[in-house]
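Reading the structure
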Amino acid sequence: MRLQNGDYELIFNDGGVVIEKAGSTLYYNKRPMYAFIKTAMAVIEFFDRAYDSVEESEGRVIASGIMETPNGSRLEFSDEYSAEDDGVVISRRLTILEKGEDDLGFASKISFVLPDADTIRDYQCFAPATWYKDNEYARPYVVGFDPECEYNWRKETGMTLPLFAALSKKTGEAIMFSREKSDVALPGRKTCKFAQMIDRECNVGSIGLSKPENKTIAYLYYGYPVRKETEAVRDGITIDYVYPCADGQVGDQQMFFNIDYMMKNKTFNRVLHSMEKDFSDDYVVRLNLGQFDDFYPMMKWAWRSVYDRLRAELFDVNQELQYHNNINAMKLLCRDYGDGAWGVPFSSFLPDFDVDSISMQFGFVGQQPGIGYQLMDYGLREGDNEAFEKGQNMILFWVKNGAEENGAPNGCYSPINKEFEPYPIWLRMSADGLENILDAYVLTKKKTEEHPDWLEFCEKAAHFFMGIQNEDGSFYRAYERDGAMRMDSKANTISIVRFFVQLYLVTGKEEYKETALRAGQWSYDNVYKNMEYRGSTCDNTDVMDNESGIYAMFGFLSLYDLTGEDKWLDALLGAADYTETWTYSWTFPVYSDRPNCPLSKRSISGQSPVTIGTGGGDMYMAACAYLYYRIYVITGDEHYRDYAEFIHNNSRNANDVYGEFGYRIQGLSWEGGGFADQELQTLHHWLPWVTYVELDPTSRLYNTFGAYDIAGCDKMSPEERKRRNRIYDDYAG
């Protein structure tokens, strides 16, 4: 019996399933009925069997069978396979016909053997915000980092879309599992993240690869691994959809227990459904197949195919109202903290805006010059002198006080101690502040008066960095104040490129252009080609993150704007396609005991994990709306326009836009938190970056395309949009 899907055939024979292409076997499963059974000994036993019968009905294949456990439970499997335009839909119903006295819970999996794989490193994998290629730039406790793990599964709610794709390094063939519908419910318990927990209501699955030994695996409460021989047969490495979910194996229990035999142990958490007579599991998985020359096109194919099916509804936002909310908040909060140290608080708890700390940061999460520039831009456009003066005072403070004698820009100023903190010279943080001071210089030169000392500040900093640029064009992640290397990773090099491009446009000095091009070329060869987007979050280790993708977009777009060369556009699109995979583009419900938090009642869609494998996250992707709309204007690709509107609107899910949640200052947002376990966990505090990353793209959309929202930008004629999209034609006046 056969089922055709494009170039691929599913062949049902001897109770198993084989996937062929042009007569060659790519994947198979000889025993598709697979169950995990929790017994009275608190051990998960494994059982598998071939189908008992396979029938064809109206173009669908229905395969079924009954499995019996040694304890007397009887499980009936009924799997339906149907070919769609975009893949094969596999629907499973697993019903408990009889319950054995010592069988307590169960789960099952849909899987295929990858016969050309000896280790998981024979495949490059993609699970959005969780696993990219070999996951070499992840922390050790992230799934996929350790190739020796038997199980490499992650629950869907930890992924920004519920998909897992694997690309053969030998053949270029790709196989993907994804959840068919965005229909996750709340679990029966507030959290489902313990070792072997039974929860009747949980309907989240997990996806990944496994190559288990022929042994069960369970960790006792204090971490000791219990293993025994199992009946299930291992054929090799498999791609699995496990239902309900399991997370593991990852981590090291030594962090919790100081027992010698614990040193090598992993964490492995499972949820099972209760073994009850007549209880049924129903779940639906989509199987996609394809062939690709490289990881990048496979990743793009996988992401977009699931995005188009599961993207959450747009949050209805009055963007003009929210823009003014943010401006009014910054006007209200900006003050002189003594000796001309104008700025906004560093950290404050919501909803009452209880100020927790005062510290002024040049960029990153503090964004003091950035907020200053936004207030100035608004003040001049709207004739608001208070906003302009406060913003200008913020710039003046940094220009007067913010640099070492050698031009190195300091990172954090403490108004309490009236001195700069002993902070590294972060490349990314320096770029943030320098760009905004340069933008403020250009703004005032065009509209009010020239401030040559502002430009001098930027040029001194530029010469500091030019003096420490590596021979290969790269920069290090962080430096000491004297220019000595502090962190030897070079992956952040692209973050300072836009500053040098724009400084060249203002001054006409070729040395700045040459610096940008050299740094850009290194980033093209290493960051873009190797997908090495890591290290931009200054308060995290040097691992993959979303902000490194964003800063790659900043840099490559500036080089494309400057030169018009196709290679910079290629790199820009590569960074853009990677970066958008960090956005929760589907949604699921979460528990919350914080009624004042917008996410207690709104969709989590539009939020993004900060670093790889963590789940949960914040609304930093709001920073990208202007970028993706500009890419849409350049390429005409409607997907980028859709994503620009999605991220512009749905990142506001975390905001008190309309004053519904009782925040003392309307329109603010929390900084971020965890929700991958469907339980909202957050300090519920605000930092300046939260407001800055909404102000910046919104003001630039308005200044470039004449509207605060994407739909409004669309009203401009295509010809006029393309003309205005050439932003460097008049950048320096």
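Everything discussed here concerns the structure shown above.
Below: a short report on this structure.

Definitions and cut-offs
- Residues numbered from 1 in each chain as written.
- Predicted model: local features only at pLDDT ≥ 70, side-chain atom pairs only at ≥ 80, totals over all residues.
- Heavy atoms only, no water.
- Helix = DSSP H or I, 4+ residues; strand = E, 2+ residues; numbered from the N terminus.
- Rg over C-alpha atoms; globule rule 2.2 N^0.38 Å.
- Buried < 20%, exposed > 50% of the residue type's maximum accessible area, 1.4 Å probe, protein only.
- Contact = heavy atoms within 4.5 Å.
- Areas by Shrake-Rupley, 256 points an atom, 1.4 Å probe, with all protein chains shown as cover.
- Pairing = 2+ DSSP bridges.
- Axes fitted to C-alpha atoms, helices over the stretch in contact; angles between N-to-C directions.
- Core = buried A, V, L, I, M, F, W, Y, C linked by side-chain atoms within 4.5 Å.

With that out of the way, let us pick up the overall build of the protein. Per the secondary structure count, the protein includes 15 helices and 35 strands. Taking 733 residues into account, the globule formula puts the C-alpha radius of gyration at 27 Å, and the protein, at 27 Å, falls close to it. When the backbone C-alpha atoms are referred to their principal axes, the protein occupies close to 85 × 50 × 50 Å. In the protein, which comprises 733 residues, the proportion classed as buried is 63%. Here the contacts in the protein between residues at least 6 apart in sequence split such that 69% fall between residues at least 24 apart. For the protein, the exposed surface amounts to about 26200 Å²; the carbon and sulfur share of it is 45%.

On to the sheet that holds strand 10 (residues 87–98). Pairing is antiparallel in the open sheet, where 9 strands are placed in the order 7-8-9-10-24-16-15-12-13. Here the strands that pair on one side only, and so sit at the sheet edges, are strand 7 (53–57) and strand 13 (131–133). Pairs of neighbouring strands in the sheet enclose a mean axial angle of 20°, with direction left out of account. With 9 bridges connecting them, strand 8 (residues 60–68) and strand 9 (residues 74–84) associate as antiparallel partners. Residue pairing for strand 9: A63 is matched across the bridge by D79. Running over the sheet, helix 1 (residues 295–310) touches strand 12 (123–127), strand 13, strand 15 (163–168), strand 16 (173–179) and strand 24 (280–291) and is turned about 25° from strand 16.

Here 3 strands make up an open sheet; going across it, the order is 28-27-35 and the pairing antiparallel. For this open sheet the edge positions go to strand 28 (354–357) and strand 35 (685–686), each flanked by a neighbour on one side alone. Note: strand 27 (residues 347–349) against strand 28, 3 bridges, orientation antiparallel. Its bridge partner being in strand 28, F349 is matched across the sheet by D354.

With that out of the way, let us pick up the nonpolar core. Grouped together as the largest cluster of nonpolar side chains are 175 residues, with contacts concentrated most on Y132, F465, F500 and F556. Those residues in contact with Y132, other than ones at most four positions away along the chain, are C125, F126, A127, F295, M299, M531, M544, Y578, T581, W582 and I612. Core analysis: the second largest hydrophobic core is formed by 52 residues, Y81, A166, Y241 and L287 among them.

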